[in-house]
Every structure is written in C-alpha cells, then in structure tokens.
Amino acid sequence: MTNISKKAKIGKNVTIANSSRISGNVIIGDNVTIGDFCLIGNTSENKTSKKLIIKNGVKINSHSIIYLDSEIGENSVIGHRVLIREKTKIENNVQIGSYSDIEGYCEILSYVKLHSNVHVGQHSKIMNYAWLFPYVILTNDPIPPSEIREGVIIEPFAIVCTRTTILPGKKIGFGSFVGANSLVNKNLKSEMIGSGNPFKERGSINLIKIPGKNESAYPWHSRFQKDYPKNIKEIYENFRKKFI
Amino acid sequence: MTNISKKAKIGKNVTIANSSRISGNVIIGDNVTIGDFCLIGNTSENKTSKKLIIKNGVKINSHSIIYLDSEIGENSVIGHRVLIREKTKIENNVQIGSYSDIEGYCEILSYVKLHSNVHVGQHSKIMNYAWLFPYVILTNDPIPPSEIREGVIIEPFAIVCTRTTILPGKKIGFGSFVGANSLVNKNLKSEMIGSGNPFKERGSINLIKIPGKNESAYPWHSRFQKDYPKNIKEIYENFRKKFI
Amino acid sequence: MTNISKKAKIGKNVTIANSSRISGNVIIGDNVTIGDFCLIGNTSENKTSKKLIIKNGVKINSHSIIYLDSEIGENSVIGHRVLIREKTKIENNVQIGSYSDIEGYCEILSYVKLHSNVHVGQHSKIMNYAWLFPYVILTNDPIPPSEIREGVIIEPFAIVCTRTTILPGKKIGFGSFVGANSLVNKNLKSEMIGSGNPFKERGSINLIKIPGKNESAYPWHSRFQKDYPKNIKEIYENFRKKFI
C-alpha cells in the first residue's frame, strides 16, 4: 500500500515503509527513514497548499502523524506514535519521545529532548538543549475554554522532570531544574531549583549533588555529553551570557 | 487492503481510508469520514452480534479503535488514536481529543468536549457542554482491584482543568470549575471553584476574572461560543434551572 | 500486506492480522493472536540477531509494537497501542493495559496487571500479583539527564493507584497500598498504606474498609479472585513468609 503523493519530493537514500502514507506537498531530504503506519502530510480541511519539510537524516518511527505546514530539522528523531500538528517548527538534532503530542503553532529549538508522552500546547517555545521528561504538560489557556493562548517558554538547558504541569505563559529560566510532579504557577529564575504544588523556589541548582559524592549534579552538561557537540561547555557559557 | 465487513451498512458520501478495517455489524450514516489505520467494529470474543452505530457527519481521525455495541452521535469528531470500548454512548456534536481512552459502559452527552489524552473510566457520565482538559482521569473503583464500579458524574457546563484526577463516585456540579492537577475526593457544588490536593472549595466561579479585566470569566458561555448553538445562553439558563 | 519474516517460527493455531508485520527472529508459540497494525520484532540498529519469544496463548491487541530481544510469557495479554522495548521479560498471565509504555531492561513477573497508560522505566522490577493503575509512572534517573539507572521495585501483591509517580530506586513493599496521585520519594513497608505529596505512611492496609461494611478491604485477594489461581490465598501466604 505504498502511497506517496505525486506532489512529494523525496531525497536520496530514503526509506519509507510500504504501510505509511505521504500526502500533499511533502519535501523529504536525504537519508530519511519513515517507519510503518505513519501519516506524513496529514491535513485539516482546505490547507493542502501548505508544505511539510523533513530535512536530511530525520528518523520517524512507526505510527506517527505529522501535519502539513511544519518543519523538522536535520537529524531529528521522532518516536513511535508521535502527533505533530501544523505550524510546528522543530530544529536540528531534536528528539521527540514516543506518544508525545505536539499541538502545533510552537517552536522546538535545536538539541531539545522530549522524553515519552510530553504534551506541548500551542504557542510553547522550548529552547536549545532543554529536557522535558515523561508526561510533562505545557498548557496555554488561562481561562479555559477561551481563544487566549499564552505559551510556555522553556529557556536553554532547563530540566523539567516527570509529570510536571506548567501553567499558561510561565517561563522556566535558563539552566534551571523543575522537580517531578510540580504545578508551575509562577516563573522560575535561571539556574534555580523549583518544585512542588504550591510551586516554590528551592535555591541554586548547585545544591543537588551526584548520589554518593560531594559534587554538584547541575549544571548537567559537565557530566553528561551523550549525543551533544563536543564544545557543549562553551555553548552553555555562551547561552549563559545571554540569559543571565 | 480496504476491508469492509459484508454486514456493514454504509450511507451516502462516506470516505473510508483503504488502510482501515470495518468489522461486523457497523451502521454508518451519511457524510462520515474515517481516516487511516482505524479499526471500526472491533470486538471482544463472542460479541459479534452487537451493533456499532455511527451517525451522519461523524469524523473519525486516524489510528482510532471503536468497539462494537457503541453509538456515536451526529457530527461528533473523534481524534487520532482514540480508543472507545463497548457500551459507550456518545451523543451529537461531541469532540473526543487524540489519545483519549474511553473505557466503555459510559455516557457522553451532546456538545461535550474532551481535549487530548482524557481517560474515562467505566460508568462515567459526562453531561452536556462540559469540558475535560488534557490528561484528566475519571476513576471508578473505590477499593482497587474490585468489581465495584462507582462512576463519576460531570454535570453540564462544568470545566475540569488539565491533569485532574476524580475519585470514584464523585460529582462535579453544574457550571463549576476544577483547577489543574486537583485530586477530587469530594463532590463539588454547582457554579463553585474547587482545586488542589487536598481538594477544597474556593468560592464562586465569579471570582475568576478575565486577565487584565475586571469581568468574571465564568460562566464561560458568555465569552466563548465557538461551534455552539446560537442560543447557548438560553440553554445554560434552562440547564441551570434543573440543576440549581 | 501480510509480512512475516522468513526467520520467524510460528506455532499452531496462530492468528496474525494481515496488516501487521513480523520482522526478524520472532518465535511465536501456539494459539497466539496478533491484531492489526502491529510491529512484532521491531529493532534498533544492529540488533537483528536477537530473538523475540512470544509463548503459547498470548494475545496482542492492535497497534502494538514489540522490539526484538524480549520475551512474553504464556497467556499474557497485551492491550492496544502498547510499546515494549528490548530486554523486557514478561512472565505468564500478565496483563499490560492499552497505551502502556514499557521502556525495556525490566522484568514483569507472573500475574502482574498494568492498567492503561502505565509507564515502566528501565530497570524496573514488578513482582507477582502486583497491580499498577492508569498513568502510574516508574522513573529511574536520580539526576536527569544521566546514565545512572536506579530501577523501582514493586513487591508482590502491592497496589499502586492511579497517577502515582515513583521516584528512582524506591521500593513498594509486599501487599502494600499506594493512594492515587502520590509522589513516592521513600520506600513503603509491606502491608502498609502510603499516599500523598509529601508521601507519608498512613498505617496498616487493614484500615481501609469495604464501602458500607466493617470489613477490611485489604489484603485484596480475600475478596477478588478473578482470573487468578484457585489457591491464591496460599500463594499470598507463601510470598508473605518470604517478604515479611
């Protein structure tokens, strides 16, 4: 049942599972892999003129759905059963975990990692090298239901632990750490720990130690570099100058 | 691989993706759309004599699964990857968000909206014009595991915000508002705010203001009418007389 | 589009939906059923020499994904849209609910039941007859992101209610009860109740009564035997001797 739209442009060395469907104006770069049972170029009504751009080296795992009018940057990896709606801009080297639900009208900058089952509401902005762990929710509507959309901002190198909910328009500062299960109803400053419900600032990220050692676990780039550029320390310092 | 059961009855102007499967006694009205990779008329063992009724104008998005012995009312929209088990009664103009898990033996009345990833336990009753936001869970078993099923009741026009858990048998009153991340362990009265864990009543819904204005944001129908009948104000007042 | 790998070994009386794909070294026992749109024997790169063993009587529901290098024991039931990654060992008579995400490198022992949308992090060990209810999360990384993996241990007959998060390396004792929505940051002793955030021990499981009666609801095996061996009482007592 290979079904590739005539409008699609496909690069070199691309693998598309026979069971998946590529619809509409989809531009696929070189060395892209698309697993089974995917819908690539899905569309709401009357939007078929829009493009979906999937750049070189992207891997899309099975059962995923990606709408037209979005872009996925080089070497990004999309997990199983991901849903990405229109007007999502994903930069290079991003990882989107399985079951994640990206509602569109949002930006996910380079080297961001979302673990499984992250819900990204419209108008969210997740900046470079941030991590969102399983079941994190970024909301956007301050008086539901309404047409107001106040997106969440996650600044670079921030860590948001499992099952945290971030309320509309709140900002998680550069290099900060949000504990598991928090309900974030105020901004968190850069390089600070925040947690709980009610959400409170708990001091500098230096306070969290590596288990069994007397060394700070954060900032994390000094002890975890897997899949990152070699100059991640320099990158951190450069972002730090901009954000602090 | 179009696979449509011989027992199925299909109306006029129906679109069914080739990759989807229609099994058993499925009755599909006019102007219905069914996306890719769906199982419509799925069945547990020995229940093949049961019917699934999908009424005029229903749209079912890709990767959804709907069991026999259920009913979906006119113009209702089912998102991607929804699971609807047997003995689910969905009325007209309902929206079920992507990844939602409807466990069956439940009722969802007209104009209800469920956002993404809502979990509806058996014996729930969600009444007209209510909204459930992402990752809301309606439970039903007071002493798990057991065979006791005490369903949750959501009365008309109630709002249940993101990631709220409602314990078995609890009732959310007409036009009330439940804040994000609550654990609801008692009933909430009509037109009241409730939130938190421990869950507490926080006063009248009038206390929530539209951001930047000195106007009450609730009841919400006075400022949000998208996709609703024009006489929604009158409908609200009529329900109010019954429930308050 | 039936697609069954030549390397696969298929037992007697096996039903595999045409739309599903069996890849690589998959060994399927007798009386196995595999629903539509499944990927059985999925693989990360360079791991194709590994085996997936699916034993007699297993039922796998639609849209599920199971990686190579895992094992599923006799008569276990896998729900819809389940994801099971490599190095998952599932014993006999286990039930894995729909939307559950089993991250691999973990053990799920006989007669465990996971309800819908349970997230099992790597290195978890869920022991016999335990129950995990919807949206429970077992984490594993004490200083995310890191390469440290401290798995959660759930001892036999424990109950973990809806939406509980268990932090890395914590142990839930034999026959204990964890209330809904808890954030578990310390071990819970055997046959005790724990709940809340902050998480606290709340006394013996005997304190929870059957609604409307003056009888203890726990240990649960005395009032709920569905799908269990007839000698479940004896089994409980034997485990109790080992764990208490």
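For every chain, the first residue of its written sequence is number 1, and the numbers climb from 1 along that sequence. For this description, chains carry letters from A and ligands carry numbers from 1, given in the order in which they are written. Where totals are concerned, whole chains, interfaces and linings use all residues; where local detail is concerned, this predicted model gives features only for residues with pLDDT of at least 70, and gives and counts side-chain atom pairs only at 80 or more. The basis for every side-chain value is the complete set of heavy atoms in the structure, and neither hydrogens nor water enter the calculation.

## Let's talk about the side chain of A:Ser64
Argument step 1. Here a strand is any run of E in DSSP of at least two residues, a helix any run of H or I of at least four, and the numbering for each starts at the N terminus. On the secondary structure map, A:Ser64 appears in the loop between strand E9 (59-60) and strand E10 (65-67).
Argument step 2. Classification of A:Ser64 as buried rests on a relative accessible area of 0%.
Argument step 3. Only 3.0 Å separates the side chain of A:Ser64 from the backbone nitrogen of A:Val82, close enough to count as a polar contact.
Argument step 4. Filtering out sequence-adjacent residues up to four positions away, A:Ser64 remains in contact with A:Phe37, A:Cys38, A:Leu39, A:Ile78, A:Gly79, A:His80, A:Arg81, A:Val82 and B:Arg81. Remark: exposure states derive from per-residue accessible area (1.4 Å probe, protein chains only) relative to the maximum for the residue type, with buried under 20%, exposed over 50%, and partly exposed in between. The term polar contact refers here to a pair of N or O atoms within 3.5 Å; inside protein, the definition further demands a hydrogen-donor-capable atom paired with an acceptor-capable atom, and it admits residues adjacent in sequence only when both atoms are side-chain atoms. Only heavy atoms matter for contacts: two residues are in contact if any of them lie within 4.5 Å across the pair.

## Regarding the relation of the copies chain C and chain A
Argument step 1. When the copies are superposed, the least-squares fit takes in the C-alpha atoms of residues with a pLDDT of at least 70 in both. Once chain C is rotated about the relating axis by 120° and shifted along it by 0.0 Å, it coincides with chain A to within an RMSD of 0.0 Å. Considering both components of the superposition, the chain copies are consistent with a three-fold axis.

## Brief notes about the interface of chain A and chain B
Argument step 1. In this assembly, 41 residues from chain A lie in contact with 34 residues from chain B.
Argument step 2. Between chain A and chain B lies a buried interface of about 2700 Å² when both sides are counted; carbon and sulfur atoms form 60% of it.
Argument step 3. Sorting the residues of chain A by area buried against chain B places A:Ile143, A:Pro144 and A:Pro145 first, and these three jointly supply 24% of that buried surface.
Argument step 4. Should a side-chain nitrogen of Lys or Arg be within 4 Å of a carboxyl oxygen of Asp or Glu, the pair is scored as a salt bridge. Where chain A meets chain B, there are one salt bridge. The buried area of a pairing is the accessible area, by a 1.4 Å probe, that goes missing from both parts when the two are put together, added over both.

## Regarding the sheet that holds strand E8 (residues 51-54) of chain A
Backbone-to-backbone hydrogen bonds join strands into a sheet, with any given pair of strands oriented parallel or antiparallel.
Argument step 1. Strand order in the open sheet formed by nine strands is E2-E5-E8-E11-E14-E17-E20-E23-E26 (chain A), and the pairing between neighbours is parallel. On the outer flanks of this sheet lie strand E2 (9-10) and strand E26 (171-172) of chain A, each paired with one strand and no other. Only when DSSP finds a minimum of two bridges between them are two strands counted as paired.

## Comments concerning helix H1 (residues 232-243) of chain C
Every α-helical turn comprises 3.6 residues, leaving residues that sit three or four positions apart pointing alike.
All names here are of chain C.
Argument step 1. One less than the number of residues in a helix, times 1.5 Å, gives the span that helix is expected to have. Between its first and last C-alpha atoms H1 spans 16 Å; for twelve residues at 1.5 Å apiece the expected length is 16 Å, and the two agree.
Argument step 2. For H1, the set of buried residues is Ile 232, Ile 235, Tyr 236 and Phe 239. All buried residues of H1 fall inside an arc of 100° around its axis, so they share one side. Seen from the open side of H1, the exposed residues pointing more than 90 degrees away from its buried face are Lys 233 and Lys 241. This arc is taken over the directions from the axis of the helix to the C-beta atoms.

## Observations concerning the interface of chain C and chain A
Argument step 1. Taken residue by residue, the interface counts 41 residues in chain C and 34 residues in chain A.
Argument step 2. At the boundary of chain C with chain A, total buried surface from both sides reaches about 2700 Å², with 60% on carbon and sulfur atoms.
Argument step 3. Area buried by chain C at its contact with chain A is led by C:Ile143, C:Pro144 and C:Pro145, which between them contribute 24% of it.
Argument step 4. Across the contact surface, chain C and chain A share one salt bridge.
Argument step 5. Residue assignment for the side of chain C that touches chain A shows that the elements contributing at least two residues are strand E7 (39-42) and strand E10 (65-67) of chain C.
Argument step 6. Split into classes, the residues belonging to the side of chain C that touches chain A amount to 19 nonpolar, 14 polar and eight charged. Gly falls in the polar group here, along with every residue not listed as nonpolar (Ala, Val, Leu, Ile, Met, Phe, Trp, Tyr, Cys, Pro) or charged (Asp, Glu, Lys, Arg).

## A closer look at the packing of aromatic side chains
Argument step 1. The aromatic pairing rule takes the rings of Phe, Tyr and Trp, using the six-membered ring of Trp, and pairs them if the centres are within 6.5 Å, calling planes under 30 degrees apart stacked, those over 60 edge-to-face and the rest tilted. For the structure on display, the rule yields 57 aromatic pairs over all chains.
Argument step 2. Ring centres of B:Tyr111 and B:Tyr228 lie 6.0 Å apart, and the angle between their planes is 40°; on these two criteria the pair is classed as tilted. A residue pair is termed long-range when its members are at least 10 positions apart, and B:Tyr111 in the loop between strand E17 (106-108) and strand E18 (113-114) and B:Tyr228 in the loop between strand E30 (200-204) and helix H1 (232-243) qualify at 117 residues. Like B:Tyr111, the residue B:Tyr228 is buried in the burial classification.
Argument step 3. Both rings, one in B:Tyr135 and one in C:Tyr135, keep their centres 6.2 Å apart while their planes meet at 75°; by these two values the pair is edge-to-face. Placement of the pair is B:Tyr135 in the loop between strand E21 (131-132) and strand E22 (137-138) and C:Tyr135 in the loop between strand E21 (131-132) and strand E22 (137-138), with the two residues belonging to separate chains. The same class applies to B:Tyr135 and to C:Tyr135, which are both buried.
Argument step 4. Through successive ring pairs, a cluster of aromatic residues spans A:Tyr111, A:Tyr129, A:Trp131, A:Phe133, A:Phe157, A:Phe174, A:Trp220, A:Phe224, A:Tyr228, A:Tyr236, A:Phe239 and A:Phe243.
Argument step 5. Whether a charge lies above a ring is judged from NZ of Lys or CZ of Arg, which has to be within 6 Å of the ring centre and within 35 degrees of the ring normal. Against the face of A:Tyr135 rests A:Arg163, its NZ or CZ located 5.8 Å from the ring centre.

## A look at the pairing of strand E5 (residues 25-28) of chain B
Residues and elements named next belong to chain B.
Argument step 1. What you see with E5 is a clean split: Val 26 and Ile 28 sit on the buried side and Asn 25 and Ile 27 on the side with no burial.
Argument step 2. Where strand E2 (residues 9-10) meets E5, two bridges bridge the pair, whose relative direction is parallel. Within E5, the residue paired with Lys 9 across the bridge is Ile 27.

## Some remarks on the pattern of salt bridges
Side chains that carry opposite charge are capable of pairing whenever their charged atoms lie near each other.
Residues and elements named next belong to chain A.
Argument step 1. Scanning the model with the defined rule gives 24 salt bridges over all chains in all.
Argument step 2. Taking the shortest distance from any N to any O, the salt bridge between Lys 171 and Glu 155 comes out at 3.7 Å. Taken together, the residues Lys 171 in strand E26 and Glu 155 in the loop between strand E23 (153-154) and strand E24 (159-160) connect sequence positions 16 residues apart.
Argument step 3. Lys 171 sits in the partly exposed class, given a relative accessible area of 34%.
Argument step 4. For Lys 189, the salt bridge goes to Glu 201, with nearest N and O atoms at 3.6 Å. Of this pair, Lys 189 sits in the loop between strand E28 (183-184) and strand E29 (192-195) while Glu 201 sits in strand E30 (residues 200-204), and the two are twelve residues apart along the sequence.
Argument step 5. A relative accessible area of 38% places Glu 201 in the partly exposed class.

## A short note on the sheet that holds E10(A)
Residues and elements named next belong to chain A.
Argument step 1. The ten strands lie next to each other as E1-E4-E7-E10-E13-E16-E19-E22-E25-E28, forming an open sheet whose pairing is parallel. In this open sheet, the two edge strands, each paired with only one partner strand, are strand E1 (3-4) and E28.
Argument step 2. Across two bridges, the pairing between strand E19 (residues 119-120) and strand E22 (residues 137-138) is parallel. Bridge pairing in E22 links Val 120 to Leu 138.

## With respect to unusual backbone geometry
Argument step 1. For the bond from A:Asn197 to A:Pro198, the omega torsion is 10°, close enough to zero to count as cis.
Argument step 2. Position of A:Pro198 among the secondary structure elements: in the loop between E29 and E30.
Argument step 3. With omega at 5°, the peptide bond leading from B:Tyr218 into B:Pro219 counts as cis.
Argument step 4. Position of B:Pro219 among the secondary structure elements: in the loop between E30 and H1.
Argument step 5. Non-glycine residue B:Tyr129 carries a positive phi angle of around 65°.
Argument step 6. The topology assignment puts B:Tyr129 in the loop between strand E20 (125-126) and E21.
Argument step 7. For B:Tyr129, a relative accessible area of 4% corresponds to the buried category.

## Considerations on the pairing of E8(A)
Residues and elements named next belong to chain A.
Argument step 1. In E8, alternate side chains face the same way, and those of Leu 52 and Ile 54 are buried while those of Lys 51 and Ile 53 on the opposite face are not.
Argument step 2. For strand E5 (residues 25-28) and E8, the ladder comprises four bridges, and the chain directions are parallel. Residue pairing in the sheet places Asn 25 in a bridge with Lys 51 of E8.
Argument step 3. In this sheet, strand E11 (residues 70-72) lies alongside E8 in parallel orientation, the contact comprising three bridges. The residue bridging Leu 52 from the neighbouring strand is Ser 70, located in E11.

## Here we look at the environment of A:Arg163
Argument step 1. Tracing the sequence through the fold places A:Arg163 in the loop between E24 and strand E25 (165-166).
Argument step 2. Since its relative accessible area comes to 1%, A:Arg163 is described here as buried.
Argument step 3. Expressed as a C-alpha distance, the spacing of A:Arg163 and A:Glu191, which sit 28 residues apart in the sequence, is 20 Å.
Argument step 4. In this structure, A:Arg163 is in contact with A:Pro134, A:Tyr135, A:Val136, A:Asn181, A:Ser182, B:Arg163, C:Tyr135, C:Val136, C:Ile137, C:Arg163, C:Thr164 and C:Thr165, ignoring residues within four places of it in sequence.
Argument step 5. Separated by 3.1 Å, the side chain of A:Arg163 and the backbone oxygen of C:Thr164 make a polar contact.

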